[in-house]
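Fold and geometry: a report
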Amino acid sequence: MKLLVTGGAGFIGSNFIAYMVQKYPEYEIVNVDALTYCGNADNLAVLEETARYRFVQGRIEDKSFIMDLFEKERFDIVVNFAAESHVDRSLTEPGRFLITNVLGTESLLEASRKYGVKRYHQISTDEVYGDLPLHESAMKFSEDSPICPSSPYAVSKASADLLALAYHRSFDLPVTISRCSNNYGPYQFPEKFIPLMIGRAERNQKIPIYGDGQNVRDWLYVEDHCSAIDMILHQGRCGEIYNIGGCNEYSNLQTASVILEKLQKPESLLTFVRDRSGHDRRYAINPAKIESELGWKPSYTFAEGIDATLQWYRTHQAWLEERLNGEYQAYFAATYPGL
Ligand code: NAD
Ligand code: DAU
């Protein structure tokens, strides 16, 4: 079995490749990644000596590059993680999100159709559903919830999903889609809330909390996302969407408190800043379909996942330090003026 994994130098993609290489010793994996500001091929340095893993630098929206690669490699399975993934950046540069997330997906779908891949899996997000009210705990996103994206990022992901479904319906391409809630864990770029907090708390720097800090996210440890994708690839039904989530709903202030307490840092580091424009209030996944149809269950509780994450960042300080330098400094200053 030969897999193309795109975006495998990013956070979830690199965790997924490591998971698959370990679980399926007979699979060959090609990782295509553009190495944007958040991509880092060294995340998978341990696989350098593994002959059945290869890294190829390139952009998914570059059609001639993608077609040549498919012609040469004849992939069985495509898993598309590659994306511009940060909501805040989509508010300042929406066009970049459309190019990678929509046109890049189209390029991969077209190549998958031409070369007859056996499965095309689109990594999507719960953000395509928009948000839920804060105090209606019974309301959660199911696969039938209306598509109602709030940010340019979410719109680009929703558009890619619709395109993938159209390739299934119009061309019979064997497509599956997964929509996961917020991930956390090793190798997450420190623009995202949890690693941003860890990096700043450990340096005794102020931590920005948007708005009133009451927005709720439904957190999932990244390895549990990987196991869900694995199950969908092997047992999922084509043309279907699977929501993935661990039912760990916490407000941002609650999440911040847990992390500060574990790091033994004071809550006075938390600093309220101007709210994110269009900030989704609450996400909550109903994972009933993937649990009942495929038997998936997360194996990490929130407390276990946070401990594993803190331990990883503690033992990978050089990795974090490298990410916090260069482009990140300018990004941080522009996003959090005065902090
Ligand atoms: P990330 O930003 O850490 O990684 C994205 C990777 O894609 C990077 O390695 C980057 O270099 C690469 N990339 C960007 N543009 C590219 C292009 N044009 N061509 C090729 N490669 C390109 O993102 P992540 O958090 O690992 O997210 C991965 C996927 O999972 C995304 O599709 C995202 O929408 C989805 N997702 C993320 C979460 C989350 O909580 N992080 C939750 C649900 C779904
Ligand atoms: O739900 C899945 C989505 O989760 C993925 O599709 C996205 O790729 C991923 O980035 C993530 O989106 P969020 O916007 O929810 O994640 P982020 O880490 O940016 O923010 C989490 C919450 O924390 C959100 O309510 C905004 C808040 N926040 C974030 C940052 C960066 C702050 O209060 N301060 C901050 O500095």
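Residues numbered from 1 in each chain as written. Chains lettered and ligands numbered in written order. Predicted model: local features only at pLDDT ≥ 70, side-chain atom pairs only at ≥ 80, totals over all residues. Heavy atoms only, no water.

Considerations on the site of ligand 1
Applicable threshold: Residues are counted as near a molecule or strand when any one of their heavy atoms sits within 4 Å of it. We call two N or O atoms a polar contact when they sit within 3.5 Å, provided that within protein one can donate a hydrogen and the other can accept it, with sequence-adjacent residues counted only if both atoms are side-chain atoms. Accessible surface is estimated by sampling points in the Shrake-Rupley manner with a 1.4 Å probe; for residues, cover comes only from the protein chains shown. Starting at the N terminus, helices and strands are each numbered in turn, a helix being any DSSP run of H or I of at least four residues and a strand any DSSP run of E of at least two. Each residue gets one label: Ala, Val, Leu, Ile, Met, Phe, Trp, Tyr, Cys and Pro are nonpolar, Asp, Glu, Lys and Arg are charged, and the others, such as Gly, are polar.
Near ligand 1 there are 29 residues, and of these I12, D33, S85, Y153 and K157 occur at the shortest range. Between A34 and ligand 1, the recorded distance is 3.1 Å, taken from a backbone N or O atom to a nitrogen atom. Between ligand 1 and E61 there is a distance of 2.8 Å, counted from a nitrogen atom to a side-chain nitrogen or oxygen. In isolation ligand 1 has 840 Å² of accessible area, and contact with the protein removes 97% of it. Sorting the residues of the shell around ligand 1 by element identifies α1 (11-23), β5 (119-125), α5 (152-171) and β7 (182-184) as the ones contributing at least two each. The element best represented in the shell around ligand 1 is β5, accounting for 3 residues. Residue composition of the shell around ligand 1, grouped by class: 13 nonpolar, 12 polar and 4 charged.

A short note on the packing of helix α10 (residues 302-315) against helix α11 (residues 317-324)
Test applied: Axis lines are fitted through C-alpha atoms, for helices just across the contact stretch, and the angle between N-to-C directions can take any value from 0 to 180 degrees. Throughout this description, any angle smaller than 35 degrees is read as roughly parallel, any larger than 145 degrees as roughly antiparallel, any in the 65 to 115 degree range as roughly perpendicular, and the remainder as oblique. Throughout, a residue-residue contact means that at least one pair of heavy atoms, one from each residue, lies within 4.5 Å.
At a minimum axis distance of 5 Å, the contact between α10 and α11 shows a crossing angle of 80°. As judged from the angle between their axes, α10 and α11 are roughly perpendicular. For the pair formed by α10 and α11, the contact residues are W312, Y313, R314 and T315 on the first element and Q317, W319 and L320 on the second. Taken together, the residues that form the contact of α10 with α11 break down as 4 nonpolar, 2 polar and 1 charged.

Thoughts on the site of ligand 2
Near ligand 2 lie 23 residues; those nearest to it are T125, D126, Y153, R276 and H279. Contact distances for ligand 2 include 2.8 Å between an oxygen atom and a side-chain N or O atom of N182. H279 is positioned with one of its side-chain polar atoms (N or O) 2.7 Å from an oxygen atom of ligand 2. Here ligand 2 has 680 Å² of accessible area as a free molecule, and 95% of this is covered by the chains. By residue number, the principal contributor to the shell around ligand 2 is strand β8 (residues 207-210), which donates 3 residues.

Structural notes on the pairing of β5
Just so we agree on the cut-off: Each residue's exposure class comes from its accessible area (1.4 Å probe, protein chains only) as a fraction of the maximum for that residue type: buried when under 20%, exposed when over 50%, partly exposed otherwise. For two strands to count as paired, DSSP must find a minimum of two bridges between them. Crossover handedness is defined by viewing with both strands directed away from the observer: a clockwise path from the first strand over the helix to the second marks the crossover as right-handed.
For β5, a buried count of 7 out of 7 residues is recorded, marking the element as mostly surrounded by other parts of the structure. In β5, alternate side chains face the same way, and those of R119, H121, I123 and T125 on one face and Y120, Q122 and S124 on the other are all buried. Here 6 bridges tie β5 to strand β6 (residues 175-180), and the two strands are oriented parallel to one another. For Q122, the partnering residue across the bridge sits in β6 and is I177. Each parallel crossover has a hand, and the one from β5 via α5 to β6 is right-handed.

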